[in-house]
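Take a look at the letters that make up each chain.
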Amino acid sequence: MAVEPEHASVNGRKKPQRPQRTHREVADELRARIRSGVLRPGQRMPTQAQLAAEFGVERQAVRGALRILQSEHLLTNISKGAPATVAERADRAPAGPAAPPQPTTVALAPRIASAFEAEHVHIDAVCLTAVSLTLAMGEPLRQIYAGRLKPAKVDVRVLLPSRSIDLAFPVPVVGRQGHDDPVHERWLAQRNAQGQVLRHNLLALRATHGIDVRVTFRALPFTPPVKLYLLNNTEALFAYYTVTRSEAQIGQESLPTYDAQGVRSMLFAFEQGDGLRDTTFVEQSHLWFNALWETISSELELTD
């Protein structure tokens, strides 16, 4: 009879079995199921015995994985006697030390939507064009129109680069700064269009839902090398603009440019109360934003 390969022996010994998964690997898989909605808020988890059998690990590894998810506020009611339960807010994007960095397109919308659960929503942003912020606002707006959110007041402040400065990026690789620079003109058109859409969509809530809304823009005298979003004085979301060489199609012309794709930037989340590091970062970010707003920024008109 042929010997099955996985049971074949070498020098009289069985081949070593595949190493068992670690408790962190089990936690990663269960976390992915929670985030994707396979395991829903309020749902009972499988028993520890069932999880151990599924992953081929000892119960100690399962308990370690469950403790990790409990520390991230994804599970509740962990005990030896009953299955754990998926936390009610487990679908909320995490912040603080446990939060992995995610692309802006993934991380920002759920954080903005969570901020809109407050009665007074306060959002400050420093960015290049407000594209990511405008896109992220779509989620809370949908929930407001569906009747699931109803803040009383929304106050949004946005710092954007001035139209009159020579931007650090986006720029052509070779020359052409100023009014005859099609790359600058395209950025300006995008900045204005995104800002106008953001302001229009938010101010419409006054007429449709009676929400007190204020949206204000001011101009920076420099190109921000980072993007920053401050939510309800309790969270700071931070990402780098990483400049790369790319091709910009403007009309019939393809121009080599130096630019940054802000929507793809990895967003790092900090939450006040999640340790000294996070609390200090949030506080210092507010000080930095307010200092720019009150000193060297200037009035900004979203017009050509």
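Residues numbered from 1 in each chain as written. Predicted model: local features only at pLDDT ≥ 70, side-chain atom pairs only at ≥ 80, totals over all residues. Heavy atoms only, no water.

A.B. asks: Please set out the packing of helix H6 (residues 138-145) against helix H7 (residues 182-209) residue by residue, giving values where relevant.
C.D. replies: The contact between H6 and H7 brings their axes to 11 Å, and the two run at 10°. Judged by the inter-axis angle, H6 sits roughly parallel to H7. The segment H6 lies against H7, with Leu141, Ile144 and Tyr145 engaging Asn201, Leu202, Ala204, Leu205, Thr208 and His209. Counted by class, the contact of H6 with H7 contains 6 nonpolar, 3 polar and no charged residues. (Axes fitted to C-alpha atoms, helices over the stretch in contact; angles between N-to-C directions. Helix = DSSP H or I, 4+ residues; strand = E, 2+ residues; numbered from the N terminus. Parallel < 35°, antiparallel > 145°, perpendicular 65-115°, else oblique. Contact = heavy atoms within 4.5 Å. Nonpolar A, V, L, I, M, F, W, Y, C, P; charged D, E, K, R; others polar.)

A.B. asks: Requested: an account of the pattern of salt bridges, with residues and values cited.
C.D. replies: Should their charged atoms come close, side chains of opposite charge can pair. Applying the stated criterion across every chain yields a total of 7 salt bridges. As a salt-bridge pair, Glu29 and Arg33 come within 2.9 Å of each other at their nearest N and O atoms. With a gap of 4 residues between them, Glu29 and Arg33 both fall in helix H1 (residues 23-36), about one helical turn apart. When salt bridges that share partners are traced, they join Glu29, Arg33 and Glu54 into one network. (Salt bridge = Lys/Arg side-chain N within 4 Å of Asp/Glu carboxyl O.)

A.B. asks: Provide a residue-level description of the sheet that holds strand S12 (residues 244-250), including the pertinent values.
C.D. replies: Across the sheet, 3 strands lie side by side as S8-S13-S12; this open sheet has antiparallel pairing. The open sheet is flanked by strand S8 (171-172) and S12, the only strands paired with a single partner. Of the strand pairs in this sheet, S12 and strand S13 (residues 253-259) are connected by 7 bridges, and their pairing is antiparallel. Considered in S13, the bridge of Glu247 is made with Pro256. Strand contacts of H7: S8, S12 and S13, with the helix running at about 80° to S12, the strand carrying the most contacts. (Pairing = 2+ DSSP bridges.)

A.B. asks: Now, about the packing of aromatic side chains: what can you tell me, with residues and values included?
C.D. replies: According to the stated counting rule, one finds 5 aromatic pairs in the structure shown. Consider the rings of Phe238 and Phe281, whose centres lie 5.9 Å apart with planes at 85°: the pair is edge-to-face. Of this pair, Phe238 sits in strand S11 (residues 235-240) while Phe281 sits in helix H8 (residues 275-294), and the two are 43 residues apart along the sequence. What makes Phe238 buried here is its relative accessible area of 16%. Consider the rings of Phe270 and Phe281, whose centres lie 4.0 Å apart with planes at 25°: the pair is stacked. On the criterion of sequence distance, the pair formed by Phe270 in strand S14 (residues 266-271) and Phe281 in helix H8 is long-range, its members being 11 residues apart. (Phe/Tyr/Trp six-rings, centres within 6.5 Å; stacked < 30°, edge-to-face > 60°. Buried < 20%, exposed > 50% of the residue type's maximum accessible area, 1.4 Å probe, protein only.)

A.B. asks: Just give me the short version of unusual backbone geometry, but keep the residues and values in it.
C.D. replies: Residue Pro170 follows Phe169 across a cis peptide bond; omega there is -5°. Position of Pro170 relative to the elements: it lies in the loop between strand S7 (153-161) and S8. Located in the positive-phi region is Asn232, a residue other than glycine, with phi close to 55°. By secondary structure assignment, the location of Asn232 is in the loop between strand S10 (226-231) and S11. Residue Asn232 is classed as buried on the basis of its relative accessible area of 19%. One non-glycine residue, Asn233, lies in the positive phi region at around 60°. Inspection of the secondary structure assignment puts Asn233 in the loop between S10 and S11. Accessibility expressed as a relative area gives 43% for Asn233, which makes it partly exposed.

A.B. asks: Could you give me a rundown of the confidence of the model for the chain, with the residues and numbers involved?
C.D. replies: Mean pLDDT over the chain stands at 86; residues scoring 70 or higher make up 87%. Scored below 50 in pLDDT, residues 1-16 shows 8 contacts in the model against residues more than four places distant or in partner chains. (pLDDT = per-residue confidence, 0-100.)

A.B. asks: Please provide a residue-by-residue account of the side chain of Ser285, values included.
C.D. replies: In this fold, Ser285 is placed in helix H8. At a separation of 2.8 Å, a polar atom in the side chain of Ser285 contacts the main-chain carbonyl oxygen of Phe281. (Polar contact = N/O pair within 3.5 Å; in protein donor to acceptor, adjacent residues only side chain to side chain.)

A.B. asks: So, a nonpolar patch on the surface: which residues are in play, and what are the values?
C.D. replies: Side chains of Tyr240, Met266 and Phe268 sit close together on the surface and give an oily, nonpolar patch of about 300 Å² of accessible area. Structurally, Phe268 can be placed in strand S14. (Patch = residues over 30% accessible without salt bridge, like charges linked within 9 Å, V, L, I, M, F, W, Y side chains within 5 Å. Areas by Shrake-Rupley, 256 points an atom, 1.4 Å probe, with all protein chains shown as cover.)

A.B. asks: Describe in detail the pairing of S7, supporting the description with residues and values.
C.D. replies: The buried fraction of S7 is high, at 8 of 9 residues. As defined by bridge partners, strand S6 (residues 120-126) adjoins S7 across 7 bridges and the pair is classed as parallel. Bridge pairing in S7 places Ile123 opposite Val156. Bridge count for S7 against strand S9 (residues 212-220) is 9 bridges, and the pairing is parallel. Within S9, the position partnered with Val156 by the bridge is Val215.

A.B. asks: If you had to explain the side chain of Asp124 to someone new, which residues and values would you point to?
C.D. replies: Inspection of the secondary structure assignment puts Asp124 in strand S6. In terms of polar contacts, Asp124 uses its side chain to reach the side chain of His122, at 3.3 Å. Look past the residues within four positions of Asp124 in its chain and what remains in contact with it is Arg157, Leu228, Tyr229, Leu230, His286 and Phe289.

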